[in-house]
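Commentary on secondary and tertiary structure
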Amino acid sequence: MPTDNETAVRRFYEALACGDTELVDGALAPGWEAVPALHTGPGPDGWKKTVEHLSGVLSGLAVTVEHLVASGDMVAVRSVARGLHTGPLLGVEGTGREVELRASDFHQLAGGLIVRTWHLEDYFGLAGRLGLELTRGA
């Protein structure tokens, strides 16, 4: 049986998978902090804007939690989001290509809600799938 912490974390990804921003309120504490900060703004409203943005640029967005490990107040997740690139993403207009974005997150929880998330996305892998050329610095 999942713990309250695991349930809140799964709700975080479910919001992204189905585009339902109302689920965010059952996953994130009002003062939730993303590290590094989201480009869409701070707190739960920033995550809601991220969910809306990705739902709008990745048609048929599907999110899979590949691994979830819970220990005390921490939950670690390795996930992958897949969809058809139909709108502007990383400065690239929709290509119609199937893309994926892999991420690793560490969520800290208190009272059954996520209070802080440290996240790392595979932007290089995504950029390659969007057709961007990646070069090494001199």
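This section reports on the structure supplied with the text. (Residues numbered from 1 in each chain as written. Predicted model: local features only at pLDDT ≥ 70, side-chain atom pairs only at ≥ 80, totals over all residues. Heavy atoms only, no water.)

1. Section: the overall build of the protein
For the protein, the helix and strand inventory stands at 3 helices and 5 strands. Along the protein, helices and strands appear, N-terminal first, in the series α-β-α-β-β-β-β-α. Here the C-alpha radius of gyration of the protein, 15 Å, is about what a compact globule of 138 residues would show, namely 14 Å. With the C-alpha coordinates aligned to their principal axes, the bounding extent of the protein is approximately 45 × 35 × 30 Å. Out of the 138 residues belonging to the protein, those deemed buried represent 40%. In the protein, the proportion of contacts linking residues at least 24 apart, taken out of those at least 6 apart, comes to 53%. Accessible surface computed for the protein: about 7700 Å², of which carbon and sulfur atoms make up 54%. Side chains of the protein give 11 positive and 18 negative charges; the mean places of these two sets differ by 6 Å. (Helix = DSSP H or I, 4+ residues; strand = E, 2+ residues; numbered from the N terminus. Rg over C-alpha atoms; globule rule 2.2 N^0.38 Å. Buried < 20%, exposed > 50% of the residue type's maximum accessible area, 1.4 Å probe, protein only. Contact = heavy atoms within 4.5 Å. Areas by Shrake-Rupley, 256 points an atom, 1.4 Å probe, with all protein chains shown as cover. Lys, Arg positive; Asp, Glu negative; His and termini not counted. Charge placed at Lys NZ, Arg CZ, Asp CG, Glu CD.)

2. Structural notes on the environment of proline 44
Looking at the element boundaries, proline 44 is found in helix α2 (residues 43-57). In this structure, the C-alpha to C-alpha distance between proline 44 and proline 30, residues 14 residues apart in sequence, is 6.4 Å. Residues contacting proline 44, with those up to four places away along its chain left out, are Val24, Leu28, Ala29, Pro30 and Trp32.

3. A few points about the packing of aromatic side chains
In the structure shown here, the tally under the stated rule is 4 aromatic pairs. With a centroid separation of 4.3 Å and an interplanar angle of 5°, the aromatic rings of phenylalanine 12 and tryptophan 47 are classed as stacked. Separated by 35 residues along the polypeptide, phenylalanine 12 in helix α1 (residues 4-18) and tryptophan 47 in helix α2 bring together distant segments of the chain. For the pair formed by phenylalanine 12 and tryptophan 47, the shared burial category is buried. Following the ring pairs from residue to residue traces out a cluster consisting of Phe12, Tyr13, Trp32 and Trp47. (Phe/Tyr/Trp six-rings, centres within 6.5 Å; stacked < 30°, edge-to-face > 60°.)

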